[in-house]
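The primary structure of each chain is shown beneath.
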Amino acid sequence: MKCLLFVLMLACSAAGATVIDRYTTALDVQADGGSQASVTLELKDCKPGRLVLPVGFGGVDRFQVLAAPDGVVLKLVPGTDNSVVDIELPTGIAESASLRFAFHAPDVLGHPKAKAGEKLKVAADTQLLRHTFVNTERRAIGAYELLIQLPPALRVQKIAEQLPRPKRSDLLPRVRLDRFDDRQGATLQLTGIKQGDRTSVVLNVVPARPSYGWLLAGLAISLAYLVGFRSLVKTAPSPEGQATQPS
């Protein structure tokens, strides 16, 4: 009986909890591998109380609140691998609310390092952009979206990972390549994220312009082929010059 009462209390508590309707992070990646993140959070059925929001990045700093209703308090709790934002909703909060905040996230983009005795599986000029988001909050998230904007000199060569893998029934791709003005990037999206669910993306990022070294190497190979082919043509005997056997 006590167990049943406890389950009912949890159900009532969940039913009366604030709903995280939409969670969007715009990630402006810098050339040094760091990034500036701007988060927009759409809440529905708001109730007074505390909400602990995972941000999906570790080592974050330079936190600032960009927009929030009166009385709403936001506080960053940084972590080595993952950080959270404590959100306190006051009594009298409106039924729906929109919050915006920003922070700096380091080392989102960088060159991979080979393990001892192993060779890298990507070209030397390839960098990896990795992001993993886990919903550690007891509330489900209606829709999570990460907008990745690369520096002007870089582009996405390959989507190396997109989890969970898209289902045939999904109307939208898990990760799609995008363009933001004159900069390339990608968008990660997932809906209906329950507590403990995770989503992730890994992008292979390369220079937007081909390396001159590879271009020169290609020209050298082409020139060597032409010279060798010309030599073969010169040394090959022509049909007219071949001696004929007397009949």
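The structure we're discussing is the one just above.
Remember, it's a predicted structure, so these values are computed and weren't measured experimentally.

Conventions and cut-offs
Residues numbered from 1 in each chain as written. Predicted model: local features only at pLDDT ≥ 70, side-chain atom pairs only at ≥ 80, totals over all residues. Heavy atoms only, no water. Pairing = 2+ DSSP bridges. Helix = DSSP H or I, 4+ residues; strand = E, 2+ residues; numbered from the N terminus. Axes fitted to C-alpha atoms, helices over the stretch in contact; angles between N-to-C directions. Phe/Tyr/Trp six-rings, centres within 6.5 Å; stacked < 30°, edge-to-face > 60°. Buried < 20%, exposed > 50% of the residue type's maximum accessible area, 1.4 Å probe, protein only. Salt bridge = Lys/Arg side-chain N within 4 Å of Asp/Glu carboxyl O. Core = buried A, V, L, I, M, F, W, Y, C linked by side-chain atoms within 4.5 Å. Contact = heavy atoms within 4.5 Å.

Engineer: How should I be thinking about the sheet that holds strand β5 (residues 73-77) in this particular structure?
Structural biologist: Across a sheet, paired strands are connected by hydrogen bonds in the backbone, their directions being either parallel or antiparallel. Here three strands make up an open sheet; going across it, the order is β3-β6-β5 and the pairing antiparallel. What marks the edges here is a single partner per strand, and that holds for β3 (49-54) and β5. With direction set aside, neighbouring strand axes in the sheet form an average angle of 20 degrees. Two strands pair when backbone bridges link them, and β5 and strand β6 (residues 84-89) are joined in this way by five bridges, in the antiparallel orientation. Directly across from L76, in β6, lies its bridge partner V85.

Engineer: So what exactly am I meant to see when it comes to the packing of aromatic side chains here?
Structural biologist: Taken as a whole and assessed by the stated rule, the structure comprises six aromatic pairs. On the basis of an interplanar angle of 85 degrees and a centroid distance of 5.5 Å, the ring pair of Y23 and F133 is categorised as edge-to-face. Taken together, the positions of Y23 in strand β1 (residues 19-29) and F133 in strand β9 (residues 127-134) put the pair 110 residues apart, joining distant regions of the chain. The exposure class assigned to Y23 is buried, which follows from its relative accessible area of 0%. Judged by its relative accessible area of 0%, F133 falls in the buried class. Summarising the aromatic geometry, the rings of Y23 and Y144 are spaced 5.2 Å apart at their centres and angled 85 degrees between planes, so their arrangement reads as edge-to-face. One end of the pair, Y23, is in strand β1; the other, Y144, is in strand β10 (residues 141-149), with 121 residues separating them in the sequence. Members of the aromatic cluster, connected to one another through ring pairs, are F57, F63, F101 and F103.

Engineer: I'm lost on the pattern of salt bridges in this one. Help?
Structural biologist: Two side chains bearing opposite charge may form a pair once their charged atoms approach each other closely. As enumerated under the stated definition, the model contains eight salt bridges in all. A salt bridge links D170 to R174, with the shortest nitrogen-to-oxygen separation between them at 3.4 Å. For R174, a relative accessible area of 7% translates into the label buried. When the shortest N-O distance is used, the salt bridge between D178 and R176 registers 3.2 Å. Note on R176: relative accessible area 31%, which makes it partly exposed.

Engineer: So what exactly am I meant to see when it comes to the sheet that holds strand β4 (residues 61-67) here?
Structural biologist: Spatially, the seven strands line up as an open sheet ordered β4-β7-β2-β1-β10-β13-β12, and their pairing is mixed. Whereas interior strands pair on both sides, the edge strands pair on one side only; in this sheet they are β4 and β12 (175-180). When strand polarity is set aside, the average angle formed by the axes of neighbouring strands in this sheet is 20 degrees. In the sheet, β10 pairs with strand β13 (residues 183-193) via eight bridges, with the strands oriented antiparallel. Each residue of the ladder has a partner; that of L146, found in β13, is L188.

Engineer: Explanation requested: the nonpolar core in the structure shown.
Structural biologist: Generally speaking, a soluble globular protein has its nonpolar side chains buried in company with each other. Of all hydrophobic cores here, the largest spans 45 residues; its most connected members are Y23, I87 and F103. Per element, the largest residue contribution to this core is five residues, and it comes from strand β7 (residues 97-105). Filtering out sequence-adjacent residues up to four positions away, Y23 remains in contact with V39, T40, L41, L53, P54, V55, F133, I141, A143, Y144 and E145.

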